[in-house]
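Spelled out, the chains give:
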Amino acid sequence: MSEPKKLFIKTYGCQMNVYDSERMAEALGGQGYVETKSPDDADMILLNTCHIREKAAEKVYSELGRFKGLKAEKPDLKIGVAGCVAQAEGEEIMRRQPLVDLVVGPQSYHRLPEMEAKTRGGEKALDTDFPEEDKFEKLKSRPKAKRGPTAFLTVQEGCDKFCAFCVVPYTRGAEVSRPADRIIREAQDLVERGVREITLLGQNVNAYHGAGPDGDMTLAALIWELNKVDGLERIRFTTSHPNDMDDALIEAHGTCDKLMPYLHLPVQSGSDRVLKRMNRSHTAESYLRLIERIREARPDILMSGDFIVGFPEETDEDFQATLDLVEEVKYGYAYSFKYSTRPGTPAAERPQVEAEVADERLQRLQAMITRHQREIQDAMVGQTVSVLFEKPGRQPGQMVGKSEYLHAVHVSDTDVEAGDLRKVKITASGANSLGGALI
Ligand code: SAH
Ligand code: SF4
Ligand code: F3S
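These numbers were taken from a predicted model, which means no experiment stands behind them.

Definitions and cut-offs
Residues numbered from 1 in each chain as written. Chains lettered and ligands numbered in written order. Predicted model: local features only at pLDDT ≥ 70, side-chain atom pairs only at ≥ 80, totals over all residues. Heavy atoms only, no water. Salt bridge = Lys/Arg side-chain N within 4 Å of Asp/Glu carboxyl O. Helix = DSSP H or I, 4+ residues; strand = E, 2+ residues; numbered from the N terminus. Buried < 20%, exposed > 50% of the residue type's maximum accessible area, 1.4 Å probe, protein only. Pairing = 2+ DSSP bridges. Axes fitted to C-alpha atoms, helices over the stretch in contact; angles between N-to-C directions. Expected span 1.5 Å × (residues − 1). Contact = heavy atoms within 4.5 Å. Parallel < 35°, antiparallel > 145°, perpendicular 65-115°, else oblique. Left-handed = near helix turned anticlockwise from the far one by under 90°. Core = buried A, V, L, I, M, F, W, Y, C linked by side-chain atoms within 4.5 Å. Domains from an automatic or database assignment. Polar contact = N/O pair within 3.5 Å; in protein donor to acceptor, adjacent residues only side chain to side chain. Nonpolar A, V, L, I, M, F, W, Y, C, P; charged D, E, K, R; others polar.

Student: Is there a simple way to think about the pattern of salt bridges in this case?
Tutor: A side chain of one charge can pair with a side chain of the opposite charge when the charged atoms of the two come close. The final tally for this structure, using the stated rule, is 38 salt bridges. Between Arg111 and Asp129 there is a salt bridge, with the nearest N and O atoms lying 3.4 Å from each other. Of this pair, Arg111 sits in the loop between β5 (102-104) and α6 (112-120) while Asp129 sits in the loop between β6 (125-127) and α7 (135-138), placing them 18 residues apart in sequence. Its relative accessible area of 19% is what places Arg111 among the buried residues. Classification of Asp129 by relative accessible area gives partly exposed; the value is 43%. The shortest N-O distance in the salt bridge between Arg289 and Glu292 comes to 2.9 Å. Of this pair, Arg289 and Glu292 both sit in helix α13 (residues 284-297), 3 residues apart, roughly one helical turn.

Student: Can you walk me through the sheet that holds β6 in this structure?
Tutor: In sheet architecture, strand pairing relies on hydrogen bonds along the backbone and comes in two forms, parallel and antiparallel. What the 6 strands build is an open sheet, ordered β2-β1-β3-β4-β5-β6; its pairing is parallel. Looking along the sheet, the strands with just one partner apiece sit at the ends: β2 (33-35) and β6. For this sheet, the mean angle separating the axes of adjacent strands, direction not counted, is 20 degrees. Note that strand β4 (residues 78-82) and β5 share 3 bridges and pair parallel.

Student: Could you clarify how one ought to interpret helix α1 (residues 15-29) in this entry?
Tutor: One full turn of an α-helix is made of 3.6 residues, so residues set three or four places apart face in the same direction. Between the first and last C-alpha of α1 there are 21 Å, a value that for 15 residues agrees with the 21 Å anticipated at 1.5 Å per step. Most of α1 sits out of view: 11 of its 15 residues are buried. The set of residues buried in α1 consists of Met16, Asn17, Tyr19, Asp20, Ser21, Arg23, Met24, Ala25, Glu26, Ala27 and Leu28.

Student: Explanation requested: the sheet that holds strand β14 (residues 262-264) in the structure shown.
Tutor: Judged by pairing direction, the sheet is parallel, and its 3 strands sit side by side in the order β14-β15-β16 without closing on themselves. On the outer flanks of this sheet lie β14 and β16 (333-338), each paired with one strand and no other. If you compare each strand with its neighbour and ignore which way they point, the axes differ by 10 degrees on average. Where β14 lies against strand β15 (residues 302-309), 3 bridges are found, and the strand directions are parallel. Within β15, the position partnered with Leu263 by the bridge is Met303.

Student: Any chance you could explain the side chain of Arg236 here in plain terms?
Tutor: For Arg236, the position within the fold is in strand β13 (residues 234-238). If we skip the residues at most four places from it in the chain, Arg236 touches Glu197, Ile198, Thr199, Leu200, Met260, Tyr262, Ser403, Glu404 and Leu406.

Student: Explain the packing of helix α10 (residues 219-227) against helix α11 (residues 247-255) here, please?
Tutor: Working note: a packed helix pair is described by the angle between its axes plus the distance between those axes. Running from N to C, α10 and α11 point in directions that differ by 30 degrees, and their axes come no closer than 8 Å. By the angle between their axes, α10 is roughly parallel relative to α11. Seen along the crossing, α10 lies across α11 with a hand that is left-handed. Where α10 approaches α11, its residues Leu219, Ala220, Ile223 and Trp224 are matched on the opposing element by Ala248, Leu249, Ala252 and Thr255.

Student: It is not clear to me how helix α9 (residues 180-192) should be interpreted in this structure. Could you clarify?
Tutor: Taking 1.5 Å of rise per residue, 13 residues should cover 18 Å, and α9 covers 18 Å from first to last C-alpha, within 8% of that figure. All of the buried residues along α9 are Ala180, Ile183, Ile184, Glu186, Ala187, Asp189, Leu190 and Val191. Contacts from the buried residues of α9 go to α1, β7 (150-154), β10 (197-201), β11 (211-212) and α10. Positive backbone phi, approximately 110 degrees, marks Gly194, located one or two places after α9.

Student: I would appreciate a short explanation of the nonpolar core in the present structure.
Tutor: Side chains of a nonpolar character, in soluble globular proteins, are inclined to be buried together. In terms of nonpolar packing, the biggest core is built from 89 residues, with Leu200, Leu222 and Tyr331 touching the most fellow members. Taken domain by domain, this core gets at least three of its residues from each of domain 1 (5-127) and domain 2 (138-378). In this structure, Ala42, Leu47, Ala57 and Ile93 belong to the second largest nonpolar core, which totals 21 residues.

Student: Is there a simple way to think about the domain arrangement of the protein in this case?
Tutor: How big an interface is tends to be stated in terms of accessible area lost as the parts join. When the domains of the protein are assigned, the result is domain 1 (5-127), domain 2 (138-378) and domain 3 (384-438). Taken over C-alpha atoms, the centre of domain 1 sits 36 Å from the centre of domain 3.

Student: What's the story with the side chain of Asp20 in this structure? I'm lost.
Tutor: Mapping Asp20 onto the fold places it in helix α1. Asp20 sits in the buried class, given a relative accessible area of 0%. Within the local environment of Asp20, its side chain forms a polar contact with the side chain of Arg172, the two groups lying 3.0 Å apart. Beyond its immediate chain neighbours, meaning those up to four positions away, Asp20 contacts Asn48, Tyr109, Lys135, Phe136 and Arg172.

Student: Hey, could you run me through the packing of α11 against α13 in this one?
Tutor: At a minimum axis distance of 7 Å, the contact between α11 and α13 shows a crossing angle of 40 degrees. Contact residues: α11 offers Asp247, Ile250 and Gly254, while α13 offers Leu290, Arg293, Ile294 and Ala297. Each residue belonging to the contact of α11 with α13 can be placed in one class, and the counts come to 4 nonpolar, 1 polar and 2 charged.

Student: Is there a simple way to explain the environment of Ala174 in this structure?
Tutor: Topologically, Ala174 is positioned in the loop between α8 (168-171) and β9 (176-177). Considered as a pair, Ala174 and Met16 are 158 residues apart in the sequence and their alpha carbons are 15 Å apart. Apart from the residues within four sequence positions on either side, Ala174 is in contact with Glu157, Gly158, Cys159 and Asp160.

See below:
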């Protein structure tokens, strides 16, 4: 038998890219590839790129440039670009960087095996279509390889919301949901392979409306179906849009035992003026009332969010409204970004906020978020949580896992193994994790 070829994939951006990279590795597994951790011994290098921030494409070009030496030593090395930069730049990538053999957009990954074969024949391969067929159905994993205790599962892709700052509707295309039966089957397969926690993914996951046995299903209905999967212990989902949080989903947070008390619900800004210009179609007030209802259903839920500071024309007053909102919600986690222009999006044409002003706002917001995060984490000390253990920690004898609230928790000197779900009493709160003892 010939030596397996080696595949090196580098993944940028969101969790959906992480999921896609796994699917691509599996698809190329069928072509005789095994994954390697280093580009140096690879026969194929794939960059799975993200286009969310400015200069993302430039970074990809400079990363590609670094493979020049490798390709000179090894002319058979194939270099590919996947993900959202591939979708946005297309053929331009091959024009600017002749080293590149293959460019594949996120909706065409199921065509990767044919494309790889084409590059082996010495041709270039490009595909940035938005085909009709369900790529994941064609990307089904063949080998029943063992998996870790947690996994992502994409249920919905694309976005029709067109927030004024965002490239996702352009790079991922229109919103599409996968049929429920395929998702359930994939979940069952993951569980058979050792997975105990599944995070359902979608750019607008709570807008899910995939075909079910009696018409379209909501995300809440899908979660209730997954709740019946034996051996699956935990369900999460991300990322949600405030406008798509329906009553059934809110209620599920209070009643569905496998649904974890954690919700990522980006608001982006606390100023109605800014929200309007962002085309978010919700207000700060409607968002706060929504959180109130979610907390009524599940009082201990840990909230997480995304913020953009320095959006075009954002004033000090607008920014103060964001701080006020954050102070009111108190996020357990929150991700904040300085606005960065994305050519082709409406906000790119608007008057920009000075960089220093945006920097200073970002620092202030992050300081507040960190303070809340810390307070919420510290308040866990003395509480009992359930931990799904994932891997050994840094110290010998230590194991780490995640609590239901997604806090990292480590315990020492135990016989727990990856995949064990155990009750832990929290005894310490550190910089980025909690320490505890098994009960
Ligand atoms: N679909 C999700 C996430 C989209 S991208 C949602 O609707 O929230 C993830 C985050 O990146 C966004 O929530 C936003 O905070 C940030 N982001 C997107 N475009 C950006 C831009 N042009 N500049 C800065 N941050 C941006
Ligand atoms: Fe981007 Fe807005 Fe769609 Fe989220 S909802 S992916 S921020 S356009
Ligand atoms: Fe980035 Fe595309 Fe995800 S732009 S955040 S990789 S959807």
